[in-house]
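A look at the structure
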Number of protein chains: 4
Amino acid sequence: MTTNTKNKIKVGVVGGTGYTGVELLRLLVMHPMAELRLVTSRSEAGLPVADMFPNLRGHTDIAFTVPDSTALAECDLVFFATPNGTAMTLVPELVAAGCRVIDLAADFRLKDSALWQQWYGMAHSCVDMLAEAVYGMPEINRAAIATARVVANPGCYPTAVTLGFLPLIENALVDDQHLIADAKSGVSGAGRGANVPTLFAEAAENFKPYGVEGHRHLPEIRQTLALSAGHAVGLTFVPHLTPMIRGIEASLYAVLKQSNVDLHALYTERYVNEMFVDVLPAGVTPETRSVRGSNICRISVFQPQQADTVVVSAVIDNLVKGAAGQAIHNMNIMFSLAETTGLQQVAMLP
Amino acid sequence: MTTNTKNKIKVGVVGGTGYTGVELLRLLVMHPMAELRLVTSRSEAGLPVADMFPNLRGHTDIAFTVPDSTALAECDLVFFATPNGTAMTLVPELVAAGCRVIDLAADFRLKDSALWQQWYGMAHSCVDMLAEAVYGMPEINRAAIATARVVANPGCYPTAVTLGFLPLIENALVDDQHLIADAKSGVSGAGRGANVPTLFAEAAENFKPYGVEGHRHLPEIRQTLALSAGHAVGLTFVPHLTPMIRGIEASLYAVLKQSNVDLHALYTERYVNEMFVDVLPAGVTPETRSVRGSNICRISVFQPQQADTVVVSAVIDNLVKGAAGQAIHNMNIMFSLAETTGLQQVAMLP
Amino acid sequence: MTTNTKNKIKVGVVGGTGYTGVELLRLLVMHPMAELRLVTSRSEAGLPVADMFPNLRGHTDIAFTVPDSTALAECDLVFFATPNGTAMTLVPELVAAGCRVIDLAADFRLKDSALWQQWYGMAHSCVDMLAEAVYGMPEINRAAIATARVVANPGCYPTAVTLGFLPLIENALVDDQHLIADAKSGVSGAGRGANVPTLFAEAAENFKPYGVEGHRHLPEIRQTLALSAGHAVGLTFVPHLTPMIRGIEASLYAVLKQSNVDLHALYTERYVNEMFVDVLPAGVTPETRSVRGSNICRISVFQPQQADTVVVSAVIDNLVKGAAGQAIHNMNIMFSLAETTGLQQVAMLP
Amino acid sequence: MTTNTKNKIKVGVVGGTGYTGVELLRLLVMHPMAELRLVTSRSEAGLPVADMFPNLRGHTDIAFTVPDSTALAECDLVFFATPNGTAMTLVPELVAAGCRVIDLAADFRLKDSALWQQWYGMAHSCVDMLAEAVYGMPEINRAAIATARVVANPGCYPTAVTLGFLPLIENALVDDQHLIADAKSGVSGAGRGANVPTLFAEAAENFKPYGVEGHRHLPEIRQTLALSAGHAVGLTFVPHLTPMIRGIEASLYAVLKQSNVDLHALYTERYVNEMFVDVLPAGVTPETRSVRGSNICRISVFQPQQADTVVVSAVIDNLVKGAAGQAIHNMNIMFSLAETTGLQQVAMLP
């Protein structure tokens, strides 16, 4: 394309070889206001990105380069699509150089470094920035994101679970000490690393829970819901692996403290101005394919048999709204673009 | 095979054209003590069964025949693998003729005919037999099954959910007014009827809840758990469709009324003598493929972070333990065979 | 969007309830120069399109309407995404009214009405237009498409097979009496009709040939290749069903009549100016996911062990390049737009 | 089971951690005449086999042991389910000790050690045994298998392709210098090693050819067909990866040298006495699911439009007839058991 690049955001991507990375590249190469300057990968340096990801053939000629903080510092914005623990080692230098950063990994998601160390198994090397970093969920932190230097892009499960619970918690409508989140993810959520459990012949025609004793996204969800509730919440979170590539569905359960709440109206009003949250008509259930490839979170809320248990179902594409799309949304906010810029893809159905 | 058929059980199958039917046939043609006498289908009469289901080529020469109560009455046992509402019209005559019956549909599952009519949308035509019919879950009704004339084979979801909750309910360990069952089924559970929502291009790469407002298996589960509890229970049951052919996983949640219960020991002891319920070692989660094609239900129980919420996961093959396999198990009990006869298939993995 | 619609192409879609239809809508709602005026469906009249296809929620408010030739005649362009045999009954009237037409079904693909009747099992009711109708494969008929009143959009298999064979046939390099096309399609190619063989539980974990004795796309491919060769060709075409939603791969085999042809150079040069045909680097094999959701056909050519058999592999997304995308491409050519307008989607990987 | 083990075959399995291994174990634990004595794995020594493969829970208590030639030598029969190049280092010692061996890898498949080195990239360390080793395809080598000390179990693709071509080649009916084999395999054929290309998110919703330039099974197929033809044959073999766990379909193409051959009769007669080859009725096409989990090869033969090209389609389960099942078949022959012993599993459908 011959678009003038004068006013475009100069963008760098650190670590573009995983699924979050390639999805970010898919969105960036089509984004009218982003100029992709460099994509780093120590192991793949020199390889054209489109040789690894053939869907990008014809859309970019860029090749992976060795991470180089000088080159990165020339960007307006650097995305980290790296394993946990990488961003925290590079962010201080980049921020000092005037770069803004969106980390798609978990380094800046938890405010409590001790909690981070407990769940991620390593000491946090950039504790000073935890307070400043903004949790990049636009639906709750829009203003702070706009001016943030460091944005912690939310995890995939936390995106679906938090958006699903939020109206209930904000309005103190449920027993928030016994929240249940039964979440199911497509296999791409496990990443592009070579592992036996995510082989096709292991994961196809198979459904299983995992991490029942404790998953890293549990403290992240609890942190956000606690901020919303004003106190700690009790949450049981059970993730499951489902045999599809993309998509998360979270079925949420809570006991209502009062009856006669119009739950559908509550949800509709909460998200009426959110362009990426779609509350479905009453009685309609969401399905993951309705958001496949798009940045939408679709939500339904039910009160079966008018009993005192509320059931919420929220679906997202884990790689878009749950990762790269939400990151682009954050970029749009940070750089004062229309929030939907480059994010109006229609989900692919079938 | 040249096995002597003198002492074999003469078996008829009414309605063998669905997935429950073909699975029953798969098990029956290999069962050493069953002699398959006839398989009926009004629409397919004359067609060799193996022409419809090529996996049976070489295992049976039988052709579908028009349902004929005289021929059926010559059987020792008649399985109904028909749509709901069919068995109840034929069972009285067969029972009067001395046949025993296992109904794989729902006609005899609910004791309350008004409740049945409410959920199944038609009047029950065989109310007299509801009291006598035995709910065919061997783990709770073994003795009654042995002498039953009519066995109501449990639904697929109820099998997984009930076996998963039973030890907690029997011992009154949880708040049984707020039970949560989040269940996921492979697409074969929706049957072999031609419907758009179960087309490959609709159901693949897709995950969704359905029937949130109320599913027919809800009253069935409630009935069994209430009998176990001694009083009505409160249950929220949300089924989901997952993109695989076979398998059900039920994740169950309840709030414990007391702490310091050794849940793993509780489950292990409850099922120690059950050959088709396998309580996994502590900390191991089940997966549906571990039971694919077999009659096993595998169960794990967890108490995440030692909080007061118990999490149980139970997996079955919906067509075996959730239908045809459990039916054969019931047959074995009814005819005083070793319970595992013809049911020792090893699950197919991968 | 507030885009000025003054210069947009007024578009109507007849029959938007199938997979070809919804894919066409996905592309049209994002096309910057198309204004979707109406979508007809006799059976679904009144239903908002986005209620049937939730991926379109937020992208269009249009509802299905009863087909009405007056309303259709006000369009600049009408797409037919109907079953075979429908377009031919409406096209004469629309063309007379000044509409231009792209038929995504087969009504105008074969020039020989007797052959059409033989393969499609009904008499052709619009024989007069067969000669005028342009076979809408831009890579061979660009100029004629530009001025066509009626464009016959190619079938999915013919698109992949023809593009794959074309350089060999055009240059008379192979024995064109013994061409072999072994093609594999995802299940969406069978349409959105409710049929047992395309149920998830039938088509998943299964691979099979079908239509070996003769498939409707055979005469269509033969017609195009014969035009290119200047004489009738001999082609064996065997389609297969593969357990995925989207994608066609065609492996093509032919015996070379001469050695020492640089096949890779031949293909590269043939398609160097084609924006939607991508000849891969020598030695690289294509995969269907590299084109999923995009309008690209990727092709490789091999001469294994330097023997005299050439092997070509071509992949497309059957619903895009094999249907709706190619139709949009034709629209762009017919209305003098840049050919890639609205067709630059990056394939979704993973 | 309390079966008397006195007359059972004492069996050892070297390398039981791959898919071929676990499938062999699935069949062996149910085989009435085999006594599984040991399963070796250097890396997993000490681990109960059923901890790795939960489908085996309740069927065996055996744990992996370090390979130990003394213990192995006490077996009547040792299966190698190891990577290529392992069996050849251990077989001489075992044979010397009186053991018989079935190698499921490729070590003894090619008679020409130079060819083996060319395709497998290592020198052959047991060349002396190549002449003696019997290619374990019962349909052509039954007598030799019965007395063999070393059986080379055929590859998965060669099983389907060879059985499909055999009647044509044996009767010299086709141009055997231009044979085409277009074969498609489920992902389990790639093994249980952790590799990116066989991850679920890479292999699902994707179809691709691979190894077009040359696959290791090519010389194996050529060797067998050449023996049958009496001279070298020309074969183009293109394997493809299809998104399912199990199954191979091979579509075979050849030009007939004479017309008026009753191909269906030819195939039926050739395999009339083969219990594991099922020639389908004329006009019926095979599908992989009809053999999933069973040891059957189903075959159809067509002559589309009565032209001079014959099309054969053959399907197998790559892990059963294409590996472990054929190995058990060989064992049955070697030990004078009924050939179907332990191999009468009905394919799992759906």
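None of these values were measured; they are calculated from a predicted model. (Residues numbered from 1 in each chain as written. Chains lettered and ligands numbered in written order. Predicted model: local features only at pLDDT ≥ 70, side-chain atom pairs only at ≥ 80, totals over all residues.)

1. Remarks on the overall build of chain A
Along the backbone of chain A there are 11 helices and 14 strands. In terms of overall size, chain A behaves like a compact globule, its C-alpha atoms giving a radius of gyration of 20 Å where 350 residues would be expected to give roughly 20 Å. If one aligns the C-alpha atoms of chain A with their principal axes, the spans along those axes are about 60 × 45 × 40 Å. Among the 350 residues that make up chain A, the fraction classed as buried is 60%. Across chain A, the fraction of contacts at a sequence separation of at least 24, relative to all contacts at a separation of at least 6, is 70%. (Helix = DSSP H or I, 4+ residues; strand = E, 2+ residues; numbered from the N terminus. Rg over C-alpha atoms; globule rule 2.2 N^0.38 Å. Buried ≥ 20, exposed ≤ 12 C-beta atoms within 10 Å, placed from the backbone. Contact = placed C-beta atoms within 7 Å.)

2. What about the packing of helix 7 (residues 156-170) of chain A against helix 9 (residues 217-229) of chain A?
Residue and element names in this part refer to chain A. One can describe the packing of helix 7 onto helix 9 by two numbers: an axis separation of 10 Å at closest approach and a directional angle of 25°. Classed by the angle they form, the pair helix 7 and helix 9 counts as roughly parallel. As for the relative orientation of helix 7 and helix 9, their crossing is right-handed in sense. Counting all contacts with helix 7, which are made through Tyr157, Pro158, Val161, Thr162, Phe165, Leu166, Ile169 and Glu170, the residues of helix 9 involved are His217, Glu220, Ile221, Thr224, Leu225, Ser228 and Ala229. (Axes fitted to C-alpha atoms, helices over the stretch in contact; angles between N-to-C directions. Parallel < 35°, antiparallel > 145°, perpendicular 65-115°, else oblique. Left-handed = near helix turned anticlockwise from the far one by under 90°.)

3. A few points about the sheet that holds strand 7 (residues 150-152) of chain D
The strands making up a sheet associate through hydrogen bonds between their backbones, and the pairing can be parallel or antiparallel. Residue and element names in this part refer to chain D. The strand order across the open sheet formed by seven strands is 3-2-1-4-5-7-6, and the pairing between neighbours is parallel. The open sheet has two free edges, formed respectively by strand 3 (64-65) and strand 6 (134-135), since each of these has just one partner strand. In the sheet, strand 1 (residues 9-14) pairs with strand 2 (residues 34-40) via six bridges, with the strands oriented parallel. The residue bridging Ile9 from the neighbouring strand is Ala34, located in strand 2. (Pairing = 2+ DSSP bridges.)

4. Here's the deal with the relation of the copies chain A and chain B
Rotating chain A by 180° and translating it 0.0 Å along the rotation axis places it on chain B, where the RMSD comes to 0.0 Å. Both copies of the chain, as the preceding transformation shows, are related through a two-fold rotation axis. Proximity to the rotation axis, assessed at the C-alpha, singles out Pro243 of chain A in chain A; its C-alpha lies 3.0 Å from the axis. Comparing interface residues between copies, 100% of those in chain A also lie at the interface in chain B; the contact surface is shared. (Least-squares fit on C-alpha atoms with pLDDT ≥ 70 in both.)

5. Some thoughts on the confidence of the model for chain A
Residues of chain A with pLDDT of at least 70 account for 99%, and the chain-wide mean is 96. Model confidence for the complex: the whole-complex pTM is 0.97, and ipTM, which rates the interface, is 0.97. (pLDDT = per-residue confidence, 0-100.)

6. What about the interface of chain B and chain C?
Accessible area lost during the coming together of the parts is what is often quoted as the interface size. Contact with chain B, which involves 15 residues of that partner, is made by 15 residues of chain C. Considering every element that reaches the side of chain B that touches chain C, the biggest residue donor is helix 8 (residues 200-203) of chain B, with three residues. Residue composition of the side of chain B that touches chain C, grouped by class: 10 nonpolar, three polar and two charged. (Nonpolar A, V, L, I, M, F, W, Y, C, P; charged D, E, K, R; others polar.)

7. Re the interface of chain A and chain B
The interface is formed by 41 residues belonging to chain A together with 41 residues belonging to chain B. Put simply, the parts of the chain that give the side of chain A that touches chain B at least two residues each are strand 8 (179-185), helix 8 (200-203), strand 9 (208-209), strand 10 (235-241), strand 11 (248-255) and strand 14 (309-316) of chain A. Across the side of chain A that touches chain B, the residue classes break down as 18 nonpolar, 13 polar and 10 charged.

8. With respect to the relation of the copies chain B and chain C
The relation between the two copies of this chain is a rotation about an axis and a shift parallel to it. The two copies are related by a screw operation: chain B maps onto chain C through 180° of rotation and 0.0 Å of translation along the axis, at an RMSD of 0.0 Å. A shared interface surface links the copies, since 100% of the contact residues of chain B are contact residues in chain C too.

9. Looking at the pairing of strand 11 of chain A
Residue and element names in this part refer to chain A. The buried fraction of strand 11 amounts to eight of the eight residues, a majority that puts the element mostly inside the structure. Burial along strand 11 is two-sided: the residues Ile248, Ala250, Leu252 and Ala254 and Glu249, Ser251, Tyr253 and Val255 are all buried. One ladder, built from six bridges, connects strand 8 with strand 11; its direction is antiparallel. Bridge pairing in strand 11 links Ser185 to Ile248.

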